[in-house]
Amino acid sequence: MKKWSVSELDKDMVRKLSSAYGIPVFTAMLLTIRNITSREDIESFFSQSGELDDPFLIKDMDKAVERIKKAIYDNEKICIYGDYDCDGVTSTAILYHYLESCAAEVMYYIPDRNEEGYGMNMAAVDKLSDMGVGLIITVDNGISAIDEISHAKELGMDVVVTDHHKPLEILPAAAAVVNPHRTDETYHFTDYSGAGLALKLVYALDEQNYFIIENYAEIAAIGTVADIVPLTGENRTIVKNGLMCLKNTERVGLSKLIEKAAVQEITSGAIGFKLGPRINAAGRLGSPYDAMRLFLTEDDDIAEEKAELLCELNSRRQSIESKIISDIDEQIRMDPTITEKRIIVLASENWNAGVIGIVSSRITEKYGKPSIIISIDDNICKGSGRSVSGFSLVDSIFACSEHLVKYGGHPMAVGFSIKKENIPAFSKALNDYANKSDYMPLYTINLDCRLNPEKIVLNMVEQLRSFEPFGCKNPKPIFGLEGMKLDRITPVGGGKHLKLTVSRGSAKLDLMYFSLTPGEFPYSEGEKLDFAVNIDKNVYMGKESLSFNIKDVKLNGYDIEASMRQLQDYELYKNGIFVKDKHSRFPAREEFAAVYRYLKSRDLGRYSLDVLSHSLNDIDIFKLMIILDIMQDLHFIEYSRDSDILFVRMCEVKGKTDLSSSDVYRKLEEEIKNAR
């Protein structure tokens, strides 16, 4: 289950924008929904300008430029200290290519994900010192390397930090610390990726700003999209220009990667789903140096080799990821209480540390909760986590940092290392932190607006294109189609996907639901449903038609948010936290009877929580789950739950059974009695 949030629409503002600027009503509506309503904001949003703001307005940028130029002029050995993910690799590539073009004595160092982990480490600092490095420039890391930077200073090396991750309470003792999230930062834009910040540094280093955007925006765009930073402000400028450059890129490595990844159209989506994952795969399963060679080479044969390698590694990554997901499904099947916690924490010795971040994203999306996935090692274990909007996962791991070796990240994504013996205590501390709030934020799908299916036309797709590039903080619009009658369910793609034929009034639409089999779809033909969809167009044999991609579906008019809150209450109760004002939810005997009769009359084995609740006159989910627990305790049924899907088996019942003979029944009765 996911909460649906529909944006408020100021219809007067829509009319005003449409009239004042001569733009279509649909475009004016989307601008209003996204709060882009002033002339300045509208012109900036649709601008094709490649200009970036003055980089020297960022704190310490002047110090960074001064120290780097000194190193260039003095022929000091410079090392760019990068990171193994897509953002880190692109950051490194931008700065290395630029400094090399300045005839600087420059090298780059990217730590091994498995052997060294994220960020600077003492052994690497010692190694660079032995190689005669005089200046280290960090990209996409360094803000938390307090001890490592002090050590570098002791060895006679200066460090310039460029990083976009959350700083600790103290800043490292570096020659310059360029981080837009510094507490003393006054610059108007803070949401750069590491690659975006590297581009700003190059912009500052090049006094004439000579072809900087043309030369580096395509690389910066890949890092910016892949790191899922907001595509607003200067990030939008970077990505817009980067996409234009990518369409005719002169970098042979990128050209080969686009070809091998079968990218049909250069969009932010192509970066996010095709190019970015392949670049990330190098650092996850191979070597990030292969990705660097791809960016830097001018040799066609090397470009072909590296592009093929990255595609092969990505295929391996997908296979490994599927195996881990299967392992997790089995862990949860053996212990369903794992998913009843507010933060799902899972660990195993068999999981590749390189893909656990992706797996965490899948688990968070499936269960609608923050998740932490840990790859156990005999020495130091690696962990990665993803969150839901409104819950800062980085704040939660900072609050539990006594259990960790290293840690960092953003509100929505974290990475850390931990000793094996500390995992249970860390898991408990995380959930204790989360349980301090009455409610956790709900996993939410944000709809731009509801559409009348009879008034959707192809021209709307063309208007949508003007809002690209889509990404974080400028998502591809999602629209609601409400009260649609489900006429036909058709398996497609060998049964891996569904085509749903739906209708309302004179409108008859075909909607695609990808990666969902008929057995996993919880609704039946003839039901009235609400759909959350993206709109695009198909072109087949020269003929254009509308296409609809389903993002979510629910029963028409069903109060999903209330049900999700009720399920949260139930999970709190299962974890020993009784919600005192819920005493009215104690199930009545007739409700037990209604649930039992319904299950026995159908005996389907598989039920969606919303369908089951609605079929039972919208019974409270808290009550429903308690009834199922009591029935299982009394051996009326056996059931398990996977997210919002129930698997129920009816048991043979002989004679009458007193409900009060259930331990679950008596425990709840006692809790309610004590709460009054």
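Fair warning: this is a prediction, and the values are worked out from it, not measured in the lab.

Draft legend 1. Focus on the overall build of the chain. On a plain count of helices and strands, the chain comes out with 23 helices and 21 strands. Along the first, second and third principal axes, the C-alpha atoms of the chain reach 90 × 60 × 45 Å. A burial count over the chain gives 53% of its 676 residues as buried. For the chain, the accessible area works out to roughly 30300 Å², and carbon and sulfur atoms hold 47% of it. Between the mean site of the 81 positive side-chain charges and the mean site of the 103 negative ones, the chain shows a separation of 7 Å.

Draft legend 2. Quick peek at the layout of surface pockets. What the second largest pocket holds in volume is close to 370 Å³. Forming the boundary of the second largest pocket are 20 residues, of which H97, N215, E218, E250 and R251 lie nearest the centre. Those elements that place two or more of their residues in the lining of the second largest pocket are α5 (86-101), α9 (212-226) and α13 (288-296). Looking at the lining of the second largest pocket, the element that brings in the most residues is α9, giving four residues. The residue makeup of the lining of the second largest pocket, split by class, is nine nonpolar, six polar and five charged.

Draft legend 3. The pairing of strand β12 (residues 444-447), seen in detail. Every second residue of β12 is oriented toward a common face, the buried set being I445 and L447 and the non-buried set T444 and N446. Sheet topology note: the strand β1 (residues 3-6)/β12 ladder contains four bridges and is parallel. Each residue of the ladder has a partner; that of K3, found in β12, is T444.

Draft legend 4. Representation of a negative patch on the surface in the model. A surface patch of like charges, here negative, comprises D112, E115, D377 and D378. Within the secondary structure, D378 sits in the loop between β8 (371-375) and β9 (380-386).

Draft legend 5. Layout of the environment of G117. By the element assignment, G117 lies in the loop between β3 (105-109) and α6 (122-130). Taking the C-alpha atoms as reference, G117 lies 8.1 Å from K382; in sequence the two are 265 residues apart. Ignoring anything within four residues of it in the chain, the contact list for G117 reads Y84, P111, D112 and K382.

Draft legend 6. Layout of the sheet that holds strand β5 (residues 158-162). Spatial ordering of the open sheet is given by β3-β2-β4-β5-β6, a layout of five strands whose pairing is parallel. A strand with exactly one partner marks an edge of an open sheet, and here the two such strands are β3 and β6 (176-178). Across this sheet, the average inter-strand angle for adjacent strands is 20°, counted without regard to direction. Strand direction decides the pairing type here: strand β2 (residues 77-81) and β3, joined by five bridges, are parallel. Residue pairing for β3: Y81 is matched across the bridge by Y109. This element, helix α4 (residues 61-73), spans β2, β4 (133-139), β5 and β6 of the sheet and lies at about 140° to β4.

Draft legend 7. Up close: the sheet that holds strand β20 (residues 637-642). Across the sheet, which stays open at both edges, the three strands sit in the order β19-β21-β20 with antiparallel pairing between neighbours. The open sheet has two free edges, formed respectively by β19 (606-608) and β20, since each of these has just one partner strand. On average, adjacent strands in this sheet sit at an angle of 25° to one another, irrespective of strand direction. Seen against the sheet, helix α20 (residues 589-602) touches β19 and β21 (645-650) and runs at an angle of roughly 80° to β21.

Draft legend 8. Looking closely at the pairing of strand β7 (residues 344-348). Buried residues dominate β7, accounting for four of its five residues. Alignment of β7 against β8, held across five bridges, turns out to be parallel. Following the sheet pairing, L346 is matched in β8 by I373. For the handedness criterion, the β-α-β arrangement of β7, helix α15 (residues 356-367) and β8 is classed as right-handed.

Draft legend 9. Representation of helix α17 (residues 423-434) in the model. The terminal C-alpha atoms of α17, which comprises 12 residues, lie 17 Å apart, in line with the 16 Å expected from a rise of 1.5 Å per residue. Of all the positions in α17, only I423, F426, S427, A429, L430, N431 and A434 are classed as buried. Considering only its buried residues, α17 is in contact with β7, β8, β9, α16 (393-399), β10 (404-409) and β11 (413-419).

Draft legend 10. A look at the nonpolar core. L481, F521 and F531 are the most contacted members of the largest nonpolar core, which totals 81 residues. Of the residues forming this core, the biggest block, nine residues, is contributed by helix α22 (residues 621-633).

Draft legend 11. Region of the structure containing the packing of α4 against helix α8 (residues 194-205). Axis separation between α4 and α8 bottoms out at 10 Å; the angle between their running directions is 65°. Considering the angle they form, α4 stands roughly perpendicular to α8. Along this stretch, α4 crosses α8, giving a crossing that reads as right-handed. Residue-level inspection shows M61, A64, V65, I68 and K69 of α4 in contact with α8, the latter providing K200, L201, A204 and L205.

Draft legend 12. Geometry of the packing of helix α1 (residues 11-21) against helix α2 (residues 25-33). Interhelical geometry of α1 versus α2 gives an angle of 125° and a closest axis separation of 8 Å. In terms of orientation, α1 lies oblique with respect to α2. Crossing angle aside, the handedness with which α1 passes α2 is right-handed. Contacts between α1 and α2 involve M13, V14, L17 and S18 from the former and V25, A28, M29, L31 and T32 from the latter. Among the residues making up the contact of α1 with α2, the classes are represented as seven nonpolar, two polar and no charged.

Draft legend 13. Helix α10 (residues 233-247), seen in detail. With 15 residues, α10 ought to run about 21 Å at 1.5 Å a step, and its terminal C-alpha atoms sit 22 Å apart, in line with that. Buried residues dominate α10, accounting for 11 of its 15 residues. Among the residues of α10, those classed as buried are E234, N235, R236, T237, I238, V239, K240, N241, G242, L243 and L246. Where α10 is buried, its residues contact α3 (39-46), α8, α9, α11 (252-260) and α12 (268-285).

Draft legend 14. Region of the structure containing the side chain of T267. Its place among the elements puts T267 in the loop between α11 and α12. Assessed through its relative accessible area of 16%, T267 is described here as buried. Aside from chain neighbours lying at most four places away, what touches T267 is L243 and E468.

Draft legend 15. Up close: the packing of aromatic side chains. Evaluation of the coordinates by the stated rule reveals 20 aromatic pairs. With 6.5 Å between their ring centres and 75° between their planes, Y98 and Y216 make a pair best called edge-to-face. Taken together, the residues Y98 in helix α5 and Y216 in helix α9 connect sequence positions 118 residues apart. A relative accessible area of 7% means that Y98 is categorised as buried.

Draft legend 16. Local environment of the pattern of salt bridges. Considering all chains together, one arrives at 43 salt bridges under this definition. Between D60 and R182 there is a salt bridge, with the nearest N and O atoms lying 3.1 Å from each other. Highlighted residues: D60 in the loop between α3 and α4 and R182 in the loop between β6 and α8, separated in sequence by 122 residues. The two residues D60 and R182 agree in class, both being buried. Through salt bridges with shared partners, a single ionic network connects D60, K63, R182 and D184.

What counts and what doesn't
- Residues numbered from 1 in each chain as written.
- Predicted model: local features only at pLDDT ≥ 70, side-chain atom pairs only at ≥ 80, totals over all residues.
- Heavy atoms only, no water.
- Helix = DSSP H or I, 4+ residues; strand = E, 2+ residues; numbered from the N terminus.
- Buried < 20%, exposed > 50% of the residue type's maximum accessible area, 1.4 Å probe, protein only.
- Areas by Shrake-Rupley, 256 points an atom, 1.4 Å probe, with all protein chains shown as cover.
- Lys, Arg positive; Asp, Glu negative; His and termini not counted.
- Charge placed at Lys NZ, Arg CZ, Asp CG, Glu CD.
- 1 Å grid on protein atoms, 1.4 Å probe; cavity = no way out; pocket = protein on both sides within 12 Å on 5 of 7 lines; lining within 4 Å.
- Points joined across faces, edges and corners; volume = space filled by probe spheres on them.
- Nonpolar A, V, L, I, M, F, W, Y, C, P; charged D, E, K, R; others polar.
- Pairing = 2+ DSSP bridges.
- Patch = residues over 30% accessible without salt bridge, like charges linked within 9 Å, V, L, I, M, F, W, Y side chains within 5 Å.
- Salt bridge = Lys/Arg side-chain N within 4 Å of Asp/Glu carboxyl O.
- Contact = heavy atoms within 4.5 Å.
- Axes fitted to C-alpha atoms, helices over the stretch in contact; angles between N-to-C directions.
- Right-handed = clockwise from strand over helix to strand, strands pointing away.
- Expected span 1.5 Å × (residues − 1).
- Core = buried A, V, L, I, M, F, W, Y, C linked by side-chain atoms within 4.5 Å.
- Parallel < 35°, antiparallel > 145°, perpendicular 65-115°, else oblique.
- Left-handed = near helix turned anticlockwise from the far one by under 90°.
- Phe/Tyr/Trp six-rings, centres within 6.5 Å; stacked < 30°, edge-to-face > 60°.

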